[in-house]
Amino acid sequence: MSERNPLSGSPLSGGERLDSEYVRGLLKVYFIMGSINCRRPAAEVLKEAIAGGVTIFQFREKGTGALTGAAKLDLARELQGICRAHGVPFIVNDDIDLAIALDADGVHVGQDDEPARILREQLGSDKIIGVSAHTPEEVRQAIADGADYLGIGPVYPTSSKDDARPVQGTVLIESLRREGISIPIVGIGGITVNNALPVLAAGADGISVISAIASASSPRLAAAELANQEERE
Ligand SMILES: Cc1ncc(COP(=O)(O)OP(=O)(O)O)c(N)n1
Ligand SMILES: Cc1nc(C(=O)O)sc1CCOP(=O)(O)O
Ligand SMILES: [Mg+2]
């Protein structure tokens, strides 16, 4: 199959940012994974997950035993190649230098990283910038800084992130939507096929998962079931 860049020709809003409806549509089933999240080769898991309906992928090579240096770069290249071949945007977690080196489709950063305002200067207007936010103040700042979407969590208890903040359910997502804040949002943290629906009902545009797909006996089926939740919403 020929490789294609999923964001080539992606719509810009006439100003300097990607069109938010375009980004919203990408977030439906947001799969995050690094080598330590898989019991099988990461490339196999990603291919199956994409076959099941993943709409965007984040490379998050982080935690005890995670790859570094050339091994990390090689894996990132391999997974980016798979994403490109299937038209799935490839987002890099935290590592801006890696994102630039690979010409990735975007980055996801947290509150301890460079603000989106600075990243936008480095990455340009046609890259996706996602920011984690846990409070209304963090949300407002991320929007002012030019984030394309927000990751809000942890919605439920998670064992995939050692330094996760306290579980917050869907309260923040609901209150943002009630206030009329329309930026694209994914819920994250402990989301599975059995508890995804309330996250979408609260106003999230998609759900973001690690273990629900990476640890599943069939990543394809798990991704398909999560995509199906979307349709049932
Ligand atoms: C989609 C999405 N949402 C939230 C996060 C968490 O980012 P962060 O708080 O920076 O934590 P780490 O993932 O870096 O440990 C995310 N990665 N993706
Ligand atoms: C990477 C990450 N960020 C979170 C946040 O709350 O910002 S929770 C989380 C881990 C998500 O993994 P799982 O789907 O296995 O619970
Ligand atoms: Mg981070």
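Residues numbered from 1 in each chain as written. Chains lettered and ligands numbered in written order. Predicted model: local features only at pLDDT ≥ 70, side-chain atom pairs only at ≥ 80, totals over all residues.

**Details of the overall build of the protein chain**
Each helix and strand in the protein chain was counted, giving 10 helices and 8 strands. Taking 2.2 N^0.38 as the reference for a compact globule, 233 residues should give roughly 17 Å; the C-alpha atoms of the protein chain span a radius of gyration of 16 Å, in line with that estimate. A principal-axis box enclosing the C-alpha atoms of the protein chain has dimensions of 45 × 40 × 30 Å. Taking contacts inside the protein chain between residues at least 6 apart in sequence as the whole, the part at least 24 apart equals 63%. (Helix = DSSP H or I, 4+ residues; strand = E, 2+ residues; numbered from the N terminus. Rg over C-alpha atoms; globule rule 2.2 N^0.38 Å. Contact = placed C-beta atoms within 7 Å.)

**Observations concerning the site of ligand 1**
By nearness alone, 17 residues border ligand 1, and G110, S132, G151, I188 and S208 come closest of all. Of all the secondary structure elements, the ones that give two or more residues to the shell around ligand 1 are strand 1 (29-33), strand 4 (106-109), strand 5 (128-133) and strand 7 (185-188). (Near = placed C-beta within 6 Å.)

**Remarks on the UniProt feature "binding site: Mg(2+)" (unreviewed entry) in the protein chain**
Here, UniProt's "binding site: Mg(2+)" (unreviewed entry) annotation points to D94 and D113. What stands out for the annotated residues spanning 20 residues is how close their C-alpha atoms remain, the widest pair being 7.1 Å apart. Mapped onto the fold, D94 is located in the loop between strand 3 (90-93) and helix 4 (96-102). Setting aside residues no more than four positions away along its own chain, D94 makes contact with K62, V109 and D113. (UniProt positions renumbered as here; feature names shortened; annotations may be inferred.)

**Let's talk about the environment of V45**
As for its position among the elements, V45 is in helix 2 (residues 42-52). Take V45: there are 23 C-beta atoms within 10 Å of it, and that puts it in the buried class. When the C-alpha atoms of V45 and S218 are compared, they prove to be 8.5 Å apart, with 173 residues separating the residues in sequence. Once you skip the residues sitting within four places of it in the chain, V45 turns out to touch M33, C38, R40, A214 and P219. (Buried ≥ 20, exposed ≤ 12 C-beta atoms within 10 Å, placed from the backbone.)

**A short note on the sheet that holds strand 4**
Picture the strands of a sheet paired through backbone hydrogen bonds; they go either parallel or antiparallel. As summarised here, the arrangement of the 8 strands in space is 1-2-3-4-5-6-7-8, forming a closed barrel in which the pairing is parallel. Between one strand axis and the next, the sheet turns by 25 degrees as a mean value, whatever way the strands run. As paired strands, strand 7 and strand 8 (residues 206-209) are joined by 3 bridges and run parallel to one another. Residue pairing in the sheet places G187 in a bridge with I207 of strand 8. Packing of helix 5 (residues 116-123) onto the sheet brings it into contact with strand 4 and strand 5, and relative to strand 5 it is tilted by some 165 degrees. (Pairing = 2+ DSSP bridges. Axes fitted to C-alpha atoms, helices over the stretch in contact; angles between N-to-C directions.)

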